[in-house]
Amino acid sequence: MYLLKSCVIAFSMYSKIPMPRVEWSEKNMKYAMCFFPAVGVVLGAIEIIVGGFLLKMGASPLLFGAVMTLLPVLVTGGIHMDGFMDTMDALNSYGTKEKKLAILKDSHSGAFAVLGLCCYFLWSTAMWGEAKAAMLPVLGGSCVLSRSLSGFSVMAFPPARDSGLARTFQDGASRKRAGIFLICWVLCSGAFVLLADIVLGGAVLIASILVFLYYRRVCTVQFGGITGDLAGYFLELCELAALSAVVIVQKV
């Protein structure tokens, strides 16, 4: 029963999908991060279904790109994009670790957050506008892969501070078991994208690994550890990189 409650907590936290109310106790949160990639399964399935429908109906590239860009925001409530925006402000402050961490906690959005959001949506819309139906299974799988890697980083990376969302999930989780479970998610989602298309799936894996290595360096060097905002920043960057890689490889 507590596994089911952990799943409910994961979906309640990382999506707007209606869920029953569950107490956020230590026992219920123990394996919540293990179910984080399951949100990606649902989102990926929705992208495949909606994207396939739009392409079948002959939607214009602009309409298709706009819908597919906004779809993850509607499903997740924008929680990861919020982390992306906060991180853009922090990184572009060029301040000390303490100042960057303070910016992450600030609820106000600065100029770089707005610029980053606009650039992200513009590039995502353009890339989705170039997508074909054959790409949808691979891109749907990338939603699972990005969350698997993001969840693994929360379990594996040291925390940047003693409070915050990432620390809450770290403290409440069985980190070793959750980490192993999330590695299994990484392997399964990686195998899925390769089976869907060996070339495009390979592009997704390479792009995701490169972004993960960059993300690890950012966490270590610039922030001294991980936060929930940084995990969201990585997830958004990883999915955009995967989308871009698939489109570029397909064009080549």
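Our structure is the block above this text.
A. Looking closely at the overall build of the chain. In terms of helices and strands, the chain carries 12 helices and 0 strands. Each helix and strand of the chain, ordered N terminal to C terminal, gives the series α-α-α-α-α-α-α-α-α-α-α-α. For the chain, the C-alpha atoms occupy an extent of roughly 50 × 45 × 30 Å along the three principal directions. Residue pairs at least 24 apart in sequence account for 77% of intrachain contacts in the chain once pairs closer than 6 positions are excluded. When the accessible surface of the chain is summed, it comes to about 12,000 Å², and 69% of that surface belongs to carbon and sulfur atoms.

B. A nonpolar patch on the surface, seen in detail. A cluster of nonpolar side chains, namely Ile206, Ile209, Leu210 and Leu213, defines an oily patch on the protein surface of about 420 Å² accessible area. For Ile209, the location among the structural elements is in helix 11 (residues 198–223).

C. Just the packing of aromatic side chains, in detail. Taken as a whole and judged by the stated rule, the model has 10 aromatic pairs. Ring geometry for Phe212 versus Phe234: centroids 5.6 Å apart, planes at 80°, classification edge-to-face. On the criterion of sequence distance, the pair formed by Phe212 in helix 11 and Phe234 in helix 12 (residues 228–251) is long-range, its members being 22 residues apart. Members of the aromatic cluster, joined through ring pairs, are Phe84, Tyr120, Phe121 and Tyr233.

D. Seen up close, the side chain of Ser124. Considering the arrangement of structural elements, one finds Ser124 in helix 7 (residues 111–129). Residue class for Ser124 comes out buried when judged on its relative accessible area of 5%. One polar contact links Ser124 to Thr69, side chain to side chain, over a distance of 3.0 Å. Ignoring sequence-local partners within four residues, the contact set of Ser124 consists of Thr69, Leu240 and Leu243.

E. Local environment of helix 5 (residues 79–91). Taking 1.5 Å of rise per residue, the 13 residues of helix 5 would be expected to cover 18 Å, and the 19 Å separating its terminal C-alpha atoms lies within 8% of that figure. Most of helix 5 sits inside the fold, with 11 of its 13 residues counted as buried. Turning to helix 5, its buried residues number three or more, namely His80, Met81, Gly83, Phe84, Met85, Asp86, Thr87, Met88, Asp89, Ala90 and Leu91.

F. The pattern of salt bridges, seen in detail. Across all of its chains, the model carries 2 salt bridges by this definition. Lys251 serves as the salt-bridge partner of Glu130, at 2.8 Å between the closest nitrogen and oxygen. Of the two residues, Glu130 sits in the loop between helix 7 and helix 8 (136–156) while Lys251 sits in helix 12, which places them 121 residues apart along the sequence. Its relative accessible area of 55% is what places Lys251 among the exposed residues. Of the charged contacts, one joins Arg147 and Glu239 as a salt bridge, the two residues approaching to 2.6 Å between their closest N and O atoms. Here Arg147 is found in helix 8, whereas its partner Glu239 is found in helix 12, with 92 residues between them in sequence. For Arg147, a relative accessible area of 1% translates into the label buried. For Glu239, a relative accessible area of 11% corresponds to the buried category.

G. Region of the structure containing the nonpolar core. Residues Trp128, Tyr215 and Phe223 are the most contacted members of the largest nonpolar core, which totals 63 residues. For this core, the leading source of residues is helix 12, giving 11 residues. Other than its neighbours up to four places away in sequence, Phe223 contacts Ala90, Leu91, Lys97, Lys100, Leu101, Leu104, Ala160, Val218 and Leu230. Of all hydrophobic cores here, the second largest spans 5 residues; its members include Val8, Ile9, Met29 and Ala32.

H. How the structure looks around the environment of Ala38. When you line up the elements, Ala38 lands in helix 3 (residues 36–56). By relative accessible area, which is 14% here, Ala38 ends up buried. Residues contacting Ala38, with those up to four places away along its chain left out, are Phe11 and Trp185.

I. Structural context of the environment of Arg21. With respect to the helices and strands, Arg21 occurs in the loop between helix 1 (2–14) and helix 2 (26–29). For the pair formed by Arg21 and Val8, sequence separation is 13 residues and the distance between their alpha carbons is 8.1 Å.

Calculation rules
- Residues numbered from 1 in each chain as written.
- Predicted model: local features only at pLDDT ≥ 70, side-chain atom pairs only at ≥ 80, totals over all residues.
- Heavy atoms only, no water.
- Helix = DSSP H or I, 4+ residues; strand = E, 2+ residues; numbered from the N terminus.
- Contact = heavy atoms within 4.5 Å.
- Areas by Shrake-Rupley, 256 points an atom, 1.4 Å probe, with all protein chains shown as cover.
- Patch = residues over 30% accessible without salt bridge, like charges linked within 9 Å, V, L, I, M, F, W, Y side chains within 5 Å.
- Salt bridge = Lys/Arg side-chain N within 4 Å of Asp/Glu carboxyl O.
- Phe/Tyr/Trp six-rings, centres within 6.5 Å; stacked < 30°, edge-to-face > 60°.
- Buried < 20%, exposed > 50% of the residue type's maximum accessible area, 1.4 Å probe, protein only.
- Polar contact = N/O pair within 3.5 Å; in protein donor to acceptor, adjacent residues only side chain to side chain.
- Expected span 1.5 Å × (residues − 1).
- Core = buried A, V, L, I, M, F, W, Y, C linked by side-chain atoms within 4.5 Å.

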